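Residue-level structure breakdown
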Amino acid sequence: MANTTDIASSRQTKETKAQKVERLKRSKNPWEHFDEIRDFARQGRAAVLPEWANLYFKWWGIYTQGDGAGAIGGTGGEGKATQYFMMRIALPNGLLRSNQLRAIAQISERYARSIADLTVRQNIQLHWLTIEDIPEVMEALGAVGLSPKSACGDVTRNITGCPLAGIATDELTDASLLAVEAAHLLSANNDFYNLPRKFKISITGCPVWCSYPEINDIGFTPAVRKRHGKREVGFSVRVGGGLSADPHLAVRLDAFIHREQVLPVVRAIAEIFRDQDCLRENRDRARLKHLFTQHGWTAERFLSELNARLSFDLDPGVEDSPPPDAYRDHVGIHAQKQPGLYYVGAAVLRGRITAAQMHAAASLAEKYAAGELRTTNMQNLLIVNVPRENVEALVFELNAVALHVEASPFWRGAVACTGTEFCKLAITETKSFARWLVEELEERVPEFDQPLKLNVAGCPNACGQHWIADIGLEGKKIKQGANLVDAYYFCVGGAVGEYARISRQVGYRCTSEDVPEAIERLLKTYLATRDANENLRAYFARHSDDELRAQLAGAIVAPVTRDLPAGPVPHGVGD
């Protein structure tokens, strides 16, 4: 029997979660070991090693799928894994061809129970995959130029951009090629397979920043200056944005970045992130933002570190122009900058799309346009380069398969994370709830006439981006009699752009079945008492938390805490 000294020593030397993950990452680059995945597929689910199921698979865009109970069905804040997997397919800048969407539809039919989800990082996510199917799914994706590589894990995630790149009438520069090139630079690059945590990049040339640079680790936005009498378009850059349980808006660096400098700057910032050992000590404090929130970094220090890694000097920045209250979900019929061409945006409610809808969208993109589609970070789908004479017929056929081009503000604005349906870390079910909530609000408040970002997150990880929503709902549990039932905590007034801010915790929580009535009270009070032309952001800004909580509750009630768990929150599957 070990003596007490031995026991104490064992406890002192026991690996932390962060130490274990770092050890496993140092020992293997998962991108170099696809042969092991093939071996698992031949042997079956029981052969999958824990380090693959819990870590290495993520480098290939794969997560274990939960059993539907979510976090409360397991221990330590994480639910039980099933025999199934989910896979995220990376689409840099949301660019998608009809043959690729058709291939995903076919994969979904054969292996994934005929459903998929559009995500908030312009990916498409599959569910219900078995280990035996994964190599075949990979091959089918590779045949059409797609891959799940780097869609998960401690690597660069799908690089987002404006889905209207190259076609928007107000575009300052088409940055889509930069997004694709940056993805090629970092994804599956062995120099960057082992970052401290996930790494998110947005590169856009649009003036309304529809790819949310404020919440990315790196966010490039267009910048304009005059030099030697000539107008020059380059980029500004922000660093350290992110949501999760401790949201932080990105910090702007004082730099004007030429187009040809973007990729070297991306690489240098990725190197800075990779080389920070202080970010490898705690998995809950391992994002780039934590250099600012935990380690005292400033924009000036970051810029100095960046310049030290570049072979050129960055010019000083120019005046920044964050967009005002712009709501750009890309839904509807809109003219492109190309004469006679239009793009048509379909609102995909809560991002859930069926194989039949994907087949239809692919065929319609070929029938009425040039076979080009785009995904958006509001979980919607666009068909671009549609000749004017084809628009009406295309809209009719999209509506016929419930890909609505004309939809209510609730249908258009609803965003939902994966939830307990598939996620082991979620607390509440989100996808069906979001659909029901939209239907209820359409019936209860048909007169509502404003754009609305209504974001549903199934846990504090904020994969549903409730921190930047007009109305954000964070999943909780409430005891009702002897049972725990789904509930939501309300956050309001989040925004990006000129009025960027993290949403306010107003201290109100209710069961999921009471959410529609609470939002109905809030919105009807807004409609009845708003100032002329006052939008929701401004309305929320001039009311106190107590006032908004009373409007939600229908009475004056004491605030409740957000009720974060006492321990660290396990990180979710979000993009």
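Here five strands make up an open sheet; going across it, the order is β1-β2-β5-β4-β12 and the pairing antiparallel. Lying at the two open borders of the sheet, with one neighbouring strand each, are β1 (62–66) and β12 (352–354). Pairs of neighbouring strands in the sheet enclose a mean axial angle of 35°, with direction left out of account. Where strand β4 (residues 115–118) meets strand β5 (residues 124–129), two bridges bridge the pair, whose relative direction is antiparallel. Residue pairing for β5: L118 is matched across the bridge by I124. Where helix α5 (residues 98–111) meets the sheet, its contacts fall on β2 (81–89), β4 and β5, and the angle it forms with β5 comes to roughly 20°.

Most of β2 is tucked away: seven of the nine residues are buried. Sheet topology places β1 next to β2; four bridges connect them, and they run antiparallel. The residue of β2 that forms the bridge with I62 is M87. Strand direction decides the pairing type here: β2 and β5, joined by four bridges, are antiparallel. When the sheet's bridge partners are listed, F85 is paired in β5 with L129.

Here we come to the layout of surface pockets. In this model, the largest pocket occupies a volume close to 610 Å³. What lines the largest pocket is a set of 26 residues, among which K17, N54, L55, K58 and E78 lie closest to the centre. Secondary structure elements with two or more residues in the lining of the largest pocket: α2 (17–27), α4 (50–54) and β1. Of the residues in the lining of the largest pocket, the class split is 10 nonpolar, five polar and 11 charged.

With that settled, consider empty space enclosed by the protein. Counted under the stated rule, the structure contains three cavities of 30 Å³ or more. The volume enclosed by the largest cavity comes to roughly 270 Å³. K200, L243, A462, Q465 and D575 are, among the 22 residues lining the largest cavity, the residues nearest its centre. Along the lines of polarity and charge, the residues of the lining of the largest cavity split into six nonpolar, 11 polar and five charged. Within this model, the second largest cavity holds a volume of roughly 130 Å³. Looking at the second largest cavity, it is lined by 15 residues, and the ones nearest its centre are T119, A416, C417, T418 and D575.

This part covers the packing of aromatic side chains. Scanning the entire structure with this criterion turns up 19 aromatic pairs. For the ring pair W52 and F57, a centre distance of 5.5 Å and an interplane angle of 65° mean the geometry is edge-to-face. Through a chain of ring-to-ring contacts, three or more aromatic side chains come together here, namely F40, W52, Y56, F57 and F85. Geometry around W128 places R113 over its ring, the cationic atom sitting 3.6 Å from the centre.

Residue pairs three or four apart in sequence face the same way in an α-helix, which turns once every 3.6 residues. What helix α10 (residues 299–309) keeps buried is the set A299, F302, L303 and L306. Buried residues along α10 cover an arc of 100° about the axis, so they all sit on one side. Of the residues in α10, the exposed ones pointing more than 90 degrees away from the buried face are E300 and A308. Those residues of α10 that are buried lie in contact with β8 (230–239), β9 (251–252), α8 (262–274) and α9 (290–293).

Quick look at the packing of helix α15 (residues 515–529) against helix α17 (residues 545–553) now. Between α15 and α17, the least distance of the axes is 6 Å, while the angle of their chain directions is 120°. Relative to α17, the element α15 is oriented oblique. Where α15 approaches α17, its residues A518, I519, R521, L522 and T525 are matched on the opposing element by L548, Q551, L552 and A553. Split into classes, the residues belonging to the contact of α15 with α17 amount to six nonpolar, two polar and one charged.

Attention shifts here to the nonpolar core. Counting residues in each nonpolar core, the largest one holds 63 residues, and the members touching the most others are F57, W60, L101 and I383. Every residue in contact with W60, bar those within four places of it in the chain, is listed here: P30, W31, F34, I37, W52, M138, P148 and K149. Counting residues in hydrophobic clusters, the runner-up holds 39 residues, among them V262, F273, L279 and F292.

A few words now on the sheet that holds strand β6 (residues 201–203). An order of β6-β7-β8-β9 is seen for the four strands of this open sheet, with the pairing classed as mixed. At either margin of the open sheet sits one strand with a lone partner, and together these are β6 and β9. Where strand β7 (residues 218–227) meets β8, 10 bridges bridge the pair, whose relative direction is antiparallel. The residue of β8 that forms the bridge with R225 is E232.

What counts, and at which threshold
Residues numbered from 1 in each chain as written. Predicted model: local features only at pLDDT ≥ 70, side-chain atom pairs only at ≥ 80, totals over all residues. Heavy atoms only, no water. Pairing = 2+ DSSP bridges. Helix = DSSP H or I, 4+ residues; strand = E, 2+ residues; numbered from the N terminus. Axes fitted to C-alpha atoms, helices over the stretch in contact; angles between N-to-C directions. Contact = heavy atoms within 4.5 Å. Buried < 20%, exposed > 50% of the residue type's maximum accessible area, 1.4 Å probe, protein only. 1 Å grid on protein atoms, 1.4 Å probe; cavity = no way out; pocket = protein on both sides within 12 Å on 5 of 7 lines; lining within 4 Å. Points joined across faces, edges and corners; volume = space filled by probe spheres on them. Nonpolar A, V, L, I, M, F, W, Y, C, P; charged D, E, K, R; others polar. Phe/Tyr/Trp six-rings, centres within 6.5 Å; stacked < 30°, edge-to-face > 60°. Lys NZ or Arg CZ within 6 Å of the ring centre and 35° of its normal. Arc of directions from axis to C-beta. Parallel < 35°, antiparallel > 145°, perpendicular 65-115°, else oblique. Core = buried A, V, L, I, M, F, W, Y, C linked by side-chain atoms within 4.5 Å.

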